[in-house]
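Spelled out from the first residue to the last, the chains are:
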Amino acid sequence: MTTRRATRQIHVGSVAVGGGAPVSVQSMTTTKTADVDGTLAQIYALSGAGADIVRVTCNDVAAAQGLAEMIPRSPVPIVADIHFQYRLALAAVEAGVAGLRLNPGNIRKESHIKAVAAAASAAGIPIRVGVNAGSLDKDILAAHGGPVPEALVESALKEIRYLEEVGFHDIKISVKHSDVPSMVAAYRLLADTVEYPLHLGVTEAGPPPGGLIKSVAGIASLLLDGIGDTIRFSLTADPVEEAKAGRSLLEYLGLRERQGLDLIACPSCGRAEVDVIGVVERAKAALEDAGLPIQVAVMGCVVNGPGEAREADIGIAAGRGKGHLFIKGEVVRVVPEGLMVEALVEEAQRLVDEGVEARLAARDITAADLAEETRLELIGVQGDANATAERRAAVADVAEGTGERDR
Ligand code: SF4
């Protein structure tokens, strides 16, 4: 396990951030904040998808009033996102938010920043200094010649100085960039400079799949080095996708306990005995409906499947018209291929209810022998199907210059 970077700890409502707390997932609503019911519906959806904290824009008085109404009804802490108007930060504090995000690029006046810090301090809530490469202070941009990592960090440090001058230390920081290497470099530099918790994100990552890939590349690089205390995927998509992706990433990195399904599947190859993509789609839909927190493998053939997926809690491998159901790599049941998904879901449910030992004890004792027979049979058949002799002759032709391409 990676040693996590030691930081101060802050609290965003009931969620601890930094100081050894689990890495938390954030997302942001896309509704108009003044639409209280619409925004709350989205907050509930985000919470259900794995968000621990939700950020909501506070861009006018109606939004601040909306916040006051929705905060008592929210299932997760709400952070107000503030740009340009420091008075809206004061209004959001009055509305009862659990945290503020200030953009140093557009709230620059020292007296305004200090007034917000005083209000946040009195309310006992933290402030995120949220630097964004696309909205850096012009002076800092000019001094560095562009939004380089050093410029992002300087912008954050300038704002932090103002906060510290009035004794405010409930701070977390982000230095987001849309360019992944620059984002990673900025956070590494910041991590070496301050002891505050860090909020990770690749800004304006765009729609999936590119946005997901950029976000994972940047966020995971840092998390695997122990850097980062809370994360957000900034996708041009339904924010529920952001929350799901954030939560899944933390689970895949072993930073949060698995809540839902982890479906692993072979990529399929010439040995596949079944339409792996189709079976995976059916299994995924059925298992997600069942909401089981286990790792399930779907493998295209019994030749390599059970062995390669032996770390999975449960799995299925196809072979000669049959589905070979295995638990921790051991074949426990053989069913007709057409029933393999149903059998998988049923056994997965029993596994969760009864445990691995009980289900291994209840296995069909003939299943392992039948699977081994099928495996050997397939190896024999596929040896012919792969036309090894013809391929060897073709390789020799190429090597000796007598092949098709030399004529
Ligand atoms: S499990 Fe079988 S079908 Fe799937 S990739 Fe491996 S060898 Fe190919």
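Relevant structure appears above.
Here's a quick rundown of the structure. Predicted model only: the values in this text are computed from it and were never measured.

### Some words on the pairing of strand β14 (residues 322–327)
The element β14 is largely enclosed, with a buried count of 6 among its 6 residues. Along β14, one buried face is formed by K322, H324 and F326 and the opposite face, lined by G323, L325 and I327, is buried too. The sheet contact formed by strand β13 (residues 314–319) and β14 spans 6 bridges and is antiparallel. Residue pairing for β14: G315 is matched across the bridge by F326. Hairpin connection of β13 to β14: 2 residues between the antiparallel strands, including R320 at a positive phi of 50°.

### What about the site of the ligand?
Contacts to the ligand come from 13 residues, most closely from C266, C269, A272, G300 and C301. Each residue belonging to the shell around the ligand can be placed in one class, and the counts come to 7 nonpolar, 4 polar and 2 charged.

### Notes on the sheet that holds strand β5 (residues 78–82)
The strand order across the open sheet built from 8 strands is β8-β7-β6-β5-β4-β3-β10-β9, with neighbouring strands paired in parallel fashion. Both edges of this open sheet fall to β8 (171–176) and β9 (199–200), since each of them pairs with a single strand only. Relative to strand β7 (residues 127–132), strand β6 (residues 99–102) runs parallel, the two sharing 3 bridges. Across the sheet, residue L102 finds its bridge partner in β7, namely V129. Each of β5 and β6 is contacted by helix α3 (residues 86–95), which is oriented at about 165° to β5, the strand it contacts most. Packed onto the sheet, helix α7 (residues 180–193) meets β8 and β9 and runs at close to 150° relative to β8.

### As for the environment of V341
Looking at where V341 falls in the secondary structure, it is placed in helix α12 (residues 340–354). By C-beta crowding, V341 is classed as buried, having 23 other C-beta atoms within 10 Å. Counting along the chain gives 25 residues from V341 to I316, while the straight-line C-alpha distance between them is 8.2 Å. Filtering out sequence-adjacent residues up to four positions away, V341 remains in contact with V279, R282, A283 and A286.

Calculation notes
Residues numbered from 1 in each chain as written. Predicted model: local features only at pLDDT ≥ 70, side-chain atom pairs only at ≥ 80, totals over all residues. Buried ≥ 20, exposed ≤ 12 C-beta atoms within 10 Å, placed from the backbone. Helix = DSSP H or I, 4+ residues; strand = E, 2+ residues; numbered from the N terminus. Pairing = 2+ DSSP bridges. Near = placed C-beta within 6 Å. Nonpolar A, V, L, I, M, F, W, Y, C, P; charged D, E, K, R; others polar. Contact = placed C-beta atoms within 7 Å. Axes fitted to C-alpha atoms, helices over the stretch in contact; angles between N-to-C directions.

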